[in-house]
Amino acid sequence: MTLSRAGIHKLIKESPETVVDLILSFAEQAKAMEKQAQQIEQLQKQVAELKQQIGKNSQNSHKPPSTDGLQRPAPEKPKAGWRETRQATWTPGRNTPAGRNTG
């Protein structure tokens, strides 16, 4: 509802009850908006606290490692096993086991 100043004065003269109803409606809406603003502020605080809790683990707080849950940091680099090391250093003819003929 869009009214000009003149339109509002005309409405007051012709229908004062409508104006009273509008003012009461605006007051109720203002109360509701105030309550919503308080709820938004509380929820924003909760979100900030929860974000802070999510970021904590045993490495950056006093929490024990058992509270970290199932998420473990990935190992940096797996160590090479015996076979991988042996294969990487093997040279034909040089690493022949003793007592075995090669040719």
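Residues numbered from 1 in each chain as written. Predicted model: local features only at pLDDT ≥ 70, side-chain atom pairs only at ≥ 80, totals over all residues. Heavy atoms only, no water.

1. Brief notes about a nonpolar patch on the surface
Line of reasoning, step 1. A cluster of nonpolar side chains, contributed by Leu3, Ile8 and Ile12, occupies part of the molecular surface with about 240 Å² of accessible area.
Line of reasoning, step 2. Topologically, Ile8 is positioned in helix H1 (residues 5-14). (Patch = residues over 30% accessible without salt bridge, like charges linked within 9 Å, V, L, I, M, F, W, Y side chains within 5 Å. Areas by Shrake-Rupley, 256 points an atom, 1.4 Å probe, with all protein chains shown as cover. Salt bridge = Lys/Arg side-chain N within 4 Å of Asp/Glu carboxyl O. Helix = DSSP H or I, 4+ residues; strand = E, 2+ residues; numbered from the N terminus.)

2. Quick notes on the confidence of the model for the protein
Line of reasoning, step 1. Taken over all residues, the pLDDT of the protein has a mean of 80, while the share at 70 or more is 69%.
Line of reasoning, step 2. Mean pLDDT values over the elements of the protein span from 63, in helix H3 (residues 82-89), up to 94, in helix H2 (residues 16-54). (pLDDT = per-residue confidence, 0-100.)

3. A look at the packing of H1 against H2
Line of reasoning, step 1. Orientation of H1 relative to H2, taken along the N-to-C sense of each, is 115 degrees, at an axis distance of 5 Å. Residues Leu11, Ile12, Lys13 and Glu14 of H1 form the contact with H2, whose own contacting residues are Pro16, Val19 and Leu22.
Line of reasoning, step 2. In the contact of H1 with H2, the residues fall into five nonpolar, no polar and two charged. (Axes fitted to C-alpha atoms, helices over the stretch in contact; angles between N-to-C directions. Contact = heavy atoms within 4.5 Å. Nonpolar A, V, L, I, M, F, W, Y, C, P; charged D, E, K, R; others polar.)

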